[in-house]
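In case you want the letters, here they are:
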Amino acid sequence: MSLFPRYPPPISEDAGLHIAAQIQDWQINHGSMLKDIRSQTAESVLCYPIGVSVFPTPFPRAQFDRALDLQSIYHELYCALAEDEQWISSVIEDLIPVHPLADALWEVHLRVKSSGGYANNTNKISLGIFRSDYMLHVEDERPTDGEALGLKQVEFNTFSCAGASHADKVVDMHHHLARTGAYDCKDSSISTTCLPQNNNIENLASCLAEAHAAYGTHKSAIATQTAVLFVVQPRNFNIADERPLEYALWKQDIPVPAYRVEFGGDVMKYTSLTKSRELLFHPPWREGQPPIEVSVVYFRAGYEAHEYDGTGKDARIQLEGSRAIKCPSLLAHILTFKKVQQCLTAPGALERVLSPEKAAAIRSTFVQIYPMDESPRGLHARKLAMDPATARDYILKPSLEGGGNNVHGEDIPRFLAEISPSSWSAFVLMERIASPEVENVLMSSKGIDLGGVISELGVIGGCLWRRGEILSSSVVGWSFKTKFEDVEEMSVVKGYGCFDTPLLFS
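Heads up: these notes are all about the structure in this document. (Residues numbered from 1 in each chain as written. Predicted model: local features only at pLDDT ≥ 70, side-chain atom pairs only at ≥ 80, totals over all residues. Heavy atoms only, no water.)

## Digging into the overall build of the protein chain
At step 1: Of regular secondary structure, the protein chain possesses 15 helices and 21 strands.
At step 2: Computed over the C-alpha atoms, the radius of gyration of the protein chain is 23 Å, within 12% of the 23 Å expected from 2.2 N^0.38 for a compact globule of 506 residues.
At step 3: A principal-axis box enclosing the C-alpha atoms of the protein chain has dimensions of 70 × 55 × 45 Å.
At step 4: The buried share of the protein chain, reckoned over its 506 residues, is 58%.
At step 5: Sequence-distant contacts, at least 24 apart, represent 73% of the contacts inside the protein chain between residues at least 6 apart.
At step 6: In the structure as shown, the protein chain presents an accessible area of about 20,900 Å², 51% of it carried by carbon and sulfur atoms. (Helix = DSSP H or I, 4+ residues; strand = E, 2+ residues; numbered from the N terminus. Rg over C-alpha atoms; globule rule 2.2 N^0.38 Å. Buried < 20%, exposed > 50% of the residue type's maximum accessible area, 1.4 Å probe, protein only. Contact = heavy atoms within 4.5 Å. Areas by Shrake-Rupley, 256 points an atom, 1.4 Å probe, with all protein chains shown as cover.)

## Description of the pairing of strand 11 (residues 292-299)
At step 1: The buried fraction of strand 11 is high, at eight of eight residues.
At step 2: Strand direction decides the pairing type here: strand 7 (residues 226-232) and strand 11, joined by six bridges, are parallel. Residue pairing in the sheet places T226 in a bridge with E293 of strand 11.
At step 3: Where strand 10 (residues 279-281) and strand 11 come together, two bridges link them in antiparallel fashion. By the bridge assignment for strand 11, L280 is matched with E293.
At step 4: Between the parallel pair strand 11 and strand 12 (residues 325-327), the chain is carried across by helix 9 (residues 310-320), and the sense of this crossover is right-handed. (Pairing = 2+ DSSP bridges. Right-handed = clockwise from strand over helix to strand, strands pointing away.)

## Here's the deal with the pattern of salt bridges
At step 1: Per the stated rule, a full pass over the model turns up 22 salt bridges.
At step 2: Note that K313 is salt-bridged to E107, the shortest N-O span being 2.7 Å. Of the two residues, K313 sits in helix 9 while E107 sits in helix 4 (residues 100-114), which places them 206 residues apart along the sequence.
At step 3: For E107, a relative accessible area of 27% puts it in the partly exposed group.
At step 4: When the shortest N-O distance is used, the salt bridge between R111 and D314 registers 3.2 Å. Here the residue R111 occupies a position in helix 4, and D314 occupies one in helix 9, the gap between them amounting to 203 residues.
At step 5: Judged by relative accessible area, which is 33%, R111 ranks as partly exposed. (Salt bridge = Lys/Arg side-chain N within 4 Å of Asp/Glu carboxyl O.)

## Observations concerning the packing of helix 4 against helix 9
At step 1: For the pair helix 4 and helix 9, interaxial distance at closest approach is 9 Å and the crossing angle is 45°. Classified by the angle between their axes, helix 4 and helix 9 sit oblique to one another. For the pair helix 4 and helix 9, the crossing hand works out as right-handed. For the pair formed by helix 4 and helix 9, the contact residues are A104, L105, E107, V108, R111 and V112 on the first element and K313, D314, R316, I317 and E320 on the second.
At step 2: Tallied by class, residues from the contact of helix 4 with helix 9 come to five nonpolar, no polar and six charged. (Axes fitted to C-alpha atoms, helices over the stretch in contact; angles between N-to-C directions. Parallel < 35°, antiparallel > 145°, perpendicular 65-115°, else oblique. Left-handed = near helix turned anticlockwise from the far one by under 90°. Nonpolar A, V, L, I, M, F, W, Y, C, P; charged D, E, K, R; others polar.)

## Notes on the side chain of S295
At step 1: Relative to the helices and strands, S295 is located in strand 11.
At step 2: Polar contacts involving the side chain of S295 include one to the side chain of H212, which spans 2.7 Å.
At step 3: The residues touching S295, leaving out its near neighbours within four places in the chain, are H212, Y215, T226, A227, V228, A324 and I325. (Polar contact = N/O pair within 3.5 Å; in protein donor to acceptor, adjacent residues only side chain to side chain.)

Dropping the structure here:
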């Protein structure tokens, strides 16, 4: 039974084509695009529109507001955990031998620690840009309204949190279409009053600017200014999501200089450390001028194992061991692992940090997540995962970002049979979330289609802390992504899902 049997609103073919044409023009004019890096030359480059929903997708207002309210509790939890090296070590110790990224990051951490990089970092301030992702969950077998829907966490992301700029642009697009009457028809309930506003770009820039201010003036005698440094991947196709944050920093009332450097060799080539560990940036276009002291390192690269060859490790060590404020710090980066999410579902894990009331509020969003190790719970999970009859109710997840890495349902037994049981502990087994039935029209490079969809709300927050003490905490905004129900992954930039806007209802 569908919660929304008359959605999306019925429109004529001509009206649908008119909306599609408006969407195309909006995306071209507002940079809602991905760069085709294979086509790039010094003279030109091709781009293609990112996937979007044609109509906003219904979502209960109460659950939307609840997700935003929970973010401050998650900040309190994750800021405390990011300072707890012993707990993090205990969580990932079994992961390190079987997980290349965990192994690389922990090696970097130990090398920074042994070299005195942490001890000499007098700032001790960290910045977190965190995103908590949720899906609606049907609490009743035959729901009739939004009251039957719960909110369940898909994952908690502490690294990069891409998509914020894209989300802003698509929200503005749906507001424009609603404002201009593109959705007007007899049965349409789409109006701007039901579409929440979003301001990710400005608010994220404000978070980075606040950290920049907290760093203070330059400490190095040879630098003359400070700046935020974006650490990015080479051949980056997602610049329409990253660049707006840089532009917004330069447009602050007091402009915050922002530059970018590619992770790996370019970090080693264009940055250096002083004896007192100030991180200096030497832009190749400023040859002969004083270096720039880095106030904040914002990582948009370094989340894949292949990036940590010898040079990649050296680059992360140089950045991590500097006085610059990291977003995120290496220990906070590790907290994005699914193994951490699984461990937090254990009895008493939240109460180590949070009050019983706050712990209960967060725990209400959890589904069952099992380890895949040789513990009693892990052995139980292995039985569930290897039985096709029970595996269909679960998702097998590694601690990897970017989409396309999970194994779903009945594919799990075959996948596990093809890899060594010694590597099973690199995964967690997560209960599937039972999403409600909703239909919508999605538009991407694959075409325009109508079908059943599933949406994911990501609440984005910014948090600045020193040694576990929260200096500031805020909800930056949110992203909203939707995919067809028969598509397993949600990543938009990889072509699975589409950016969307929630159509709030009571």
